[in-house]
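What follows is each chain in one-letter form.
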Amino acid sequence: MVARVSTVAFQGIEGVPVEVQVMVAPGKVGIQIVGLPDKAVAESRERVQAALHASGLALPPKKVTVNLAPADLPKEGSHFDLPIALGLMAALGAIPADALSDFVVLGELNLDGTIAPVAGALPAAMGANAMGKGLICPAESGAEAAWAGSQIDILAPRSLIALANHFRGTQVLSRPEPAIRANAANLPDLADIKGQESAKRALEVAAAGGHNLLMVGPPGSGKSMLASRLPSILPSLSAQELLEVSMIHSIAGQLSGGKLSDRRPFRTPHHSATMAALVGGGLRARPGEASLAHHGVLFLDEFPEFSPQALDALRQPLETGECIIARANHRISYPATIQLVAAMNPCRCGMAGEPGHTCARGPRCMTDYQGRISGPLMDRIDIRIDVPAVSAADLIRPMPAEKSADIAARVARARERQRERFVAAGMPATGTNARCSTSMIEKLAEPDAAGLQLLRDAAEKMKFSARGYHRVLKVARTLADLDEKSTVGRIHLAEAISYRIAGERLTAAA
Ligand SMILES: Nc1ncnc2c1ncn2[C@@H]1O[C@H](COP(=O)(O)OP(=O)(O)OP(=O)(O)O)[C@@H](O)[C@H]1O
Ligand SMILES: [Mg+2]
C-alpha cells in the first residue's frame, strides 16, 4: 500500500504542492528517498528513523521507498521530515491513513521525536488554504500559520507522539492563536536632532511619497542619526502589506516566535554585504536584504563603501519592485518594493566642500570616491541632499525641534491623499507616488502654466533623463500632497528640482 501526504516545496514565496508517497514492501532493508532531494532532504532518512524509534515505533525489516512527486522539481530544506515520518506511520498503520488527506504537512524532526520549527509556515498555510486543506506544522510555527485565516484547520503538535495521540482521540490539540509582536513604543525621535531643518524636511518628503533619498555630508553631521529616525515617521503596514512582508520574512526564517509586526521593515545591511546578501541568492536562493525590506526601507550607510557590483544589482529591483534570481534549473522572484535611503561622505577624508578645508589630494579625492556609485544608480535617487556639519549655535542653543509624532501625522495625511487618488484612478495597488507608473504620473501631476515653464527650462538646462523628468514630477506631486493641494504648482516643482540638482553634481562625478 502507498501512503500519501501533501506538503510543499518553496519557490520564491510560493508553496508548490508536493506529494510524499511512502511504500513499505519486501526487499533490501532500508529507506530510500527519491525525487530530486537536496542534502538536507536526503539526511532526513536518519532523523525520521531515529524520531520514530524514540516515539516507540519500530520499523519492520523491509524496504521503504519514499518518492517526492513531482519527481523533476528540486526539493530543498528540512521541512520534509515530518511529512515523510507521517507517511511512514500511515503506511505502517500507526495512524489512520485517511486522517492526513485533509492536511498539508511541514516540519523538521529532532532525534527524540519532537518537532522543530521551520521557515515558511505562513506561505505554506496560505497555500493549504487555497487548496481547501488544513495545516500540520511545528508548535513554534503555529502562531505564524494562524495568520493565514480563521477558518483554516491548524494542528501544531510538539512531538510525533502528541500528533499520534490527537489522531487516536486520546489528546486534543488546540488551534494556535495568531500573535502580533508588541511594538516597542520608544523609537528614536526626530526631536533629538539639533538643527538640520532642511534634512528633516527632505526626510519627511521621502517618507510621504516613498522616494529614494541620498544624504551627503561630513562625518558626524547626523546622517546615520537622521536615517535611523525614519521608521518613527512612517505609517504602519496595511493588512495586505503585513501579510506580504511576513511571507518573505517567514521564508527567510526571520519571524521571531512566529509573531508578526505591523511596523515597516527597516533593513541596514553592512557595507561588506555581497550581491547575494543584498538581492537574494546563495545556496538555497534565499531572499536578500532588498526583499526583506519589502514595503519598507533599505538603508545603505557609507554608500560608496559597498561593492559596485552589489550596488548595481539593486538597479533592477529599484525599477521593477522585484528581485529575480535565475538558476540553471529554475527561476525565482521575490517582491522588493523598497524605498532606498543612503548616506555617504562627500570624499574619503570626508571634508570636501567644507568651508576652510583644503584636501591634500585635491578634487580627485572627491571625484574618485563619488565615482564609485554608477550614474544609472544615482539616476534612480529622487532626493539628494547635502547635510552640512551642525552649526555651533544649533548645538549649544538649539531651537525647539518638532516631534516625530507630529511629522508622522502629516506624512499619514499625505499618504492617505495618495491612496485615495490611486483608488479613484483604478490603481489601488500603487499606494505611493514613488511607485506610480510614468504614464499615470504625467496625468496626476500635471503642473500649472508657471510650473510647466519652470520644468521646461530646468529639463533643458540640466539635461534630465526621461527617468529624471518623471521622478521630479513624482516628488513634486508628493510636495503638493503635503501641502494639501490638488494641483502641482511652481513652488512644488522648484523644490523637487532643487533636490535633483544636488545629485546632478554627483552624477557628473560618476
Ligand atoms: N544634528 C545633530 N544633533 C544632535 N546630535 C548630533 C547631530 N549630528 C550629530 N550628532 C551627534 O554625533 C553623533 C554622530 O552622528 P552620526 O553617526 O549620525 O553622523 P554621520 O553623519 O552618520 O557620520 P559618518 O559620516 O561618520 O557616518 C551622533 O551620535 C550624535 O551624538
Ligand atoms: Mg554615519
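Rules used in this analysis
- Residues numbered from 1 in each chain as written.
- Chains lettered and ligands numbered in written order.
- Predicted model: local features only at pLDDT ≥ 70, side-chain atom pairs only at ≥ 80, totals over all residues.
- Heavy atoms only, no water.
- Helix = DSSP H or I, 4+ residues; strand = E, 2+ residues; numbered from the N terminus.
- Buried < 20%, exposed > 50% of the residue type's maximum accessible area, 1.4 Å probe, protein only.
- Pairing = 2+ DSSP bridges.
- Near = heavy atom within 4 Å.
- Polar contact = N/O pair within 3.5 Å; in protein donor to acceptor, adjacent residues only side chain to side chain.
- Areas by Shrake-Rupley, 256 points an atom, 1.4 Å probe, with all protein chains shown as cover.
- Nonpolar A, V, L, I, M, F, W, Y, C, P; charged D, E, K, R; others polar.
- Salt bridge = Lys/Arg side-chain N within 4 Å of Asp/Glu carboxyl O.
- Core = buried A, V, L, I, M, F, W, Y, C linked by side-chain atoms within 4.5 Å.
- Domains from an automatic or database assignment.
- Contact = heavy atoms within 4.5 Å.
- Phe/Tyr/Trp six-rings, centres within 6.5 Å; stacked < 30°, edge-to-face > 60°.
- Expected span 1.5 Å × (residues − 1).
- Arc of directions from axis to C-beta.
- Buried area = accessible area lost by both parts, 1.4 Å probe.

### Points about unusual backbone geometry
Phi is mostly negative for residues that are not glycine, and the peptide bonds are mostly trans.
Then step 1. Here the residue pair Ala-69 and Pro-70 is connected by a cis peptide bond, since its omega of 0° sits within 30 degrees of zero.
Then step 2. Positioned with a positive phi, His-295 is a non-glycine residue whose angle comes to about 65°.
Then step 3. Counting through the fold element by element, His-295 comes out in the loop between helix H10 (289–292) and strand S12 (297–300).
Then step 4. For Lys-463, which is not glycine, the phi torsion reads 55° and is therefore positive.
Then step 5. With respect to the element layout, Lys-463 can be found in the loop between helix H18 (449–462) and helix H19 (466–482).
Then step 6. Residue class for Lys-463 comes out exposed when judged on its relative accessible area of 67%.

### Looking at the sheet that holds strand S16 (residues 383–386)
Then step 1. Overall, parallel pairing links the 5 strands, which are arranged S11-S12-S15-S10-S16 in an open sheet. Looking along the sheet, the strands with just one partner apiece sit at the ends: strand S11 (266–267) and S16.
Then step 2. Pairing between strand S10 (residues 213–216) and S16: 4 bridges, direction parallel. From the neighbouring strand, Met-215 faces S16, where its bridge partner is Ile-385.

### Focus: the site of ligand 1
Then step 1. As a structural note, the neighbourhood of ligand 1 is formed by 15 residues, with Lys-194, Gly-220, Lys-223, Ser-224 and Asn-345 the closest of them.
Then step 2. Lys-194 has a polar backbone atom sitting 2.8 Å from a nitrogen atom of ligand 1.
Then step 3. With respect to ligand 1, the side chain of Glu-302 contributes an N or O atom lying 3.3 Å from an oxygen atom.
Then step 4. Burial of ligand 1 by the surrounding chains reaches 67%, relative to a free accessible area of 630 Å².
Then step 5. Of the residues assigned to the shell around ligand 1, the class counts are 5 nonpolar, 6 polar and 4 charged.

### Examining the pattern of salt bridges
Then step 1. Following the criterion strictly, the structure yields 24 salt bridges and no others.
Then step 2. A salt bridge links Glu-319 to Arg-467; the nearest nitrogen and oxygen atoms lie 3.3 Å apart. Taken as a pair, Glu-319 in helix H12 (residues 315–320) and Arg-467 in helix H19 lie far apart in primary sequence, 148 residues in all.
Then step 3. We classify Arg-467 as partly exposed; its relative accessible area is 24%.

### Here we look at the nonpolar core
Then step 1. By size, the foremost hydrophobic cluster in this structure holds 48 residues, and its most contacted members are Leu-213, Ile-383 and Ile-385.
Then step 2. Taken domain by domain, this core gets at least three of its residues from each of domain 2 (190–408) and domain 3 (428–509).
Then step 3. Not counting chain neighbours up to four residues away, the residues in contact with Leu-213 comprise Ala-202, Leu-203, Ala-206, Leu-340, Val-341, Ala-342, Ile-381, Ile-383 and Ile-385.
Then step 4. Membership of the second largest hydrophobic core comes to 40 residues, among which are Val-20, Leu-73, Ile-84 and Ile-95.

### Quick notes on the packing of aromatic side chains
For any pair of aromatic rings, the description consists of the separation of the ring centres together with the inter-plane angle of the planes.
Then step 1. All told, the structure shown has 1 aromatic pair when counted by the stated rule.
Then step 2. Ring centres 6.0 Å apart and planes at 25° place the aromatic pair Phe-266 and Phe-299 in the stacked group. Taken as a pair, Phe-266 in strand S11 and Phe-299 in strand S12 lie far apart in primary sequence, 33 residues in all.

### Details of the pairing of S12
Then step 1. Here S12 shows two buried faces, one formed by Val-297 and Phe-299 and the other by Leu-298 and Leu-300.
Then step 2. Sheet topology places S12 next to strand S15 (residues 339–344); 4 bridges connect them, and they run parallel. Counted as the bridge partner of Leu-300 is Ala-342 from S15.

### Structural notes on helix H16 (residues 404–424)
Then step 1. Between the first and last C-alpha of H16 there are 30 Å, a value that for 21 residues agrees with the 30 Å anticipated at 1.5 Å per step.
Then step 2. Those residues of H16 lying buried are Ser-404, Ile-407, Val-411, Ala-414, Arg-415, Gln-418, Arg-421 and Phe-422. In an axial view of H16, the angular spread of the buried residues amounts to 120°, which keeps them on one side of the axis. Counted as exposed and oriented over 90 degrees from the buried face of H16: Ala-405 and Ala-424.
Then step 3. In this structure, the buried residues of H16 make contact with helix H6 (197–209), helix H17 (438–444) and H19.

### Some points on helix H8 (residues 239–251)
Then step 1. If you check H8, its first and last C-alpha atoms are 19 Å apart, about what 13 residues at 1.5 Å a residue would give, namely 18 Å.
Then step 2. Buried residues dominate H8, accounting for 10 of its 13 residues.
Then step 3. Inspection of H8 places Glu-241, Leu-242, Leu-243, Val-245, Ser-246, Met-247, Ile-248, His-249, Ser-250 and Ile-251 among the buried residues, and these make up the whole buried set.
Then step 4. Considering only its buried residues, H8 is in contact with strand S1 (2–11), helix H3 (121–130), helix H4 (142–145), S11, H10 and strand S14 (331–335).
Then step 5. Just downstream of H8 lies Gly-253, where phi reads positive at about 70°.

### Let's talk about the domain arrangement of the chain
Then step 1. Segmenting the chain into domains produces domain 1 (2–168), domain 2 (190–408) and domain 3 (428–509).
Then step 2. Tallying the contact residues gives 19 residues for domain 1 and 20 residues for domain 2.
Then step 3. Both faces combined, the contact of domain 1 with domain 2 buries some 1,600 Å², and carbon together with sulfur accounts for 71% of it.
Then step 4. If you sort the residues of domain 1 by the area they bury against domain 2, Gly-12, Ile-13 and Trp-147 come out on top, with a joint share of 34%.
Then step 5. Counting across the domain 1 and domain 2 interface gives 4 residue pairs in polar contact (both at pLDDT 80 or more).
Then step 6. Put simply, the parts of the chain that give the side of domain 1 that touches domain 2 at least two residues each are S1, H3 and H4.

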